[in-house]
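Chain residues, written in single-letter form:
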Amino acid sequence: MSSRDVVLARVRRALAEVPREGAPGGAGAGEPPLVRNYRRVHGSRTAAETVDLLAENLADYRALVHRSDLGGLPALIGRLLSQRGARRVVVPRGLEPGWLAEVGAEVVEDRAEQTARELDAVDSVVTGCAVAIAETGTLVLDAGPDQGRRRVTLVPDHHVCVVRVPGQVVGSVPEALPRLAPGRPLTWISGPSATSDIELDRVEGVHGPRTLEVVLVEAAGGGVAGGG
């Protein structure tokens, strides 16, 4: 069978019990429910192995990956910003204040009235995240209190994103989706911003930060930050 035949056969099997008339999924009286028993988990991994896979795939996308515990997080963030030469750093209002205890740069709080031009004058941004997907090396931000508005993570050239592990890490996209509210502004990040022209010359920083640094921080109990 060709790949096309395989795909069509699966579609026909999935639709075998769907009624010909009316909305699928049991919307009409007497219609059978549409079972959506899709595979959510691929293989078996421990929590530590899932975090290791996330780190591997983040690095494969050219993100810079660091590991820390909560006690060492302020010093690490301060060092990353210092090494970058950041003089001004924008942060969401809900970011843990202690994370910035050793930041020497001027801290600019995210405000709704900030313009893109004002943000372009900022060197770096520090945020949390909503969820991280190991299999795709993807960070998802949902504009929660520790993540701020989308523009603060798209305009500055340097993004430091803190991921609480293992609580904020899932293996697959299907595992991530139930944690996210579709009505929120979701930003899916797989590595620093990059694009290629017709000759495949890679250019970074066109649509977002040129440099993405991810801090995997061991949080007590693996708790999930942000929300709301």
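It should be emphasised that the depicted structure is a prediction, and the values quoted were computed from it without experimental measurement.

### Some details on the pattern of salt bridges
Right, on to step 1. All told, the structure shown has ten salt bridges when counted by the stated rule.
Right, on to step 2. When salt bridges that share partners are traced, they join Arg84, Asp157 and Arg210 into one network.

### Regarding the sheet that holds strand 9 (residues 187-189)
Right, on to step 1. Spatially, the four strands line up as an open sheet ordered 8-5-6-9, and their pairing is mixed. Edge positions in the open sheet fall to strand 8 (169-170) and strand 9, since each of these has one partner strand only.
Right, on to step 2. Pairing of strand 6 (residues 138-141) with strand 9 involves three bridges; the strand directions are antiparallel. In the strand pairing of strand 9, Leu139 is matched with Ile189.

### Section: the sheet that holds strand 3 (residues 106-109)
Right, on to step 1. Pairing within the open sheet is parallel, and its six strands lie in the order 1-12-7-4-2-3. The outermost strands of the open sheet, each flanked by one partner alone, are strand 1 (64-69) and strand 3. In this sheet, neighbouring strand axes are inclined to one another by 25 degrees on average, regardless of whether the strands run parallel or antiparallel.
Right, on to step 2. Strand direction decides the pairing type here: strand 2 (residues 88-91) and strand 4 (residues 124-127), joined by two bridges, are parallel. Among the inter-strand pairings, Val90 is bridged to a residue of strand 4, identified as Val125.
Right, on to step 3. Its contacts with the sheet place helix 2 (residues 47-60) against strand 1, strand 7 (158-165) and strand 12 (211-218), and it is angled at close to 150 degrees to strand 1.
Right, on to step 4. Where helix 3 (residues 73-84) meets the sheet, it contacts strand 1, strand 2, strand 4, strand 7 and strand 12, and its direction lies at approximately 160 degrees from that of strand 7.

### Focus: helix 1 (residues 3-14)
Right, on to step 1. Between its first and last C-alpha, helix 1 extends 17 Å over twelve residues, near the 16 Å set by a 1.5 Å rise per residue.
Right, on to step 2. Sparse coverage of helix 1 is indicated by the burial of one of its twelve residues.

### Regarding the side chain of Asp110
Right, on to step 1. Here Asp110 lies in the loop between strand 3 and helix 4 (116-120).
Right, on to step 2. Owing to a relative accessible area of 8%, Asp110 belongs among the buried residues under this scheme.

### Considerations on the side chain of Thr211
Right, on to step 1. Tracing the backbone shows Thr211 in strand 12.
Right, on to step 2. When near neighbours in sequence (up to four residues on either side) are disregarded, Thr211 contacts Leu64, Arg84, Asp157, His158, His159 and Pro192.

### Details of a nonpolar patch on the surface
Right, on to step 1. Taken together, the side chains of Val7, Val11 and Leu15 make up a nonpolar region of the molecular surface, amounting to roughly 250 Å² of accessible area.
Right, on to step 2. The partly exposed category is assigned to Leu15, whose relative accessible area is 48%.

Parameters at a glance
- Residues numbered from 1 in each chain as written.
- Predicted model: local features only at pLDDT ≥ 70, side-chain atom pairs only at ≥ 80, totals over all residues.
- Heavy atoms only, no water.
- Salt bridge = Lys/Arg side-chain N within 4 Å of Asp/Glu carboxyl O.
- Pairing = 2+ DSSP bridges.
- Helix = DSSP H or I, 4+ residues; strand = E, 2+ residues; numbered from the N terminus.
- Axes fitted to C-alpha atoms, helices over the stretch in contact; angles between N-to-C directions.
- Contact = heavy atoms within 4.5 Å.
- Expected span 1.5 Å × (residues − 1).
- Buried < 20%, exposed > 50% of the residue type's maximum accessible area, 1.4 Å probe, protein only.
- Patch = residues over 30% accessible without salt bridge, like charges linked within 9 Å, V, L, I, M, F, W, Y side chains within 5 Å.
- Areas by Shrake-Rupley, 256 points an atom, 1.4 Å probe, with all protein chains shown as cover.

Remember that the coordinates give geometry; whether it matters functionally is a separate question.
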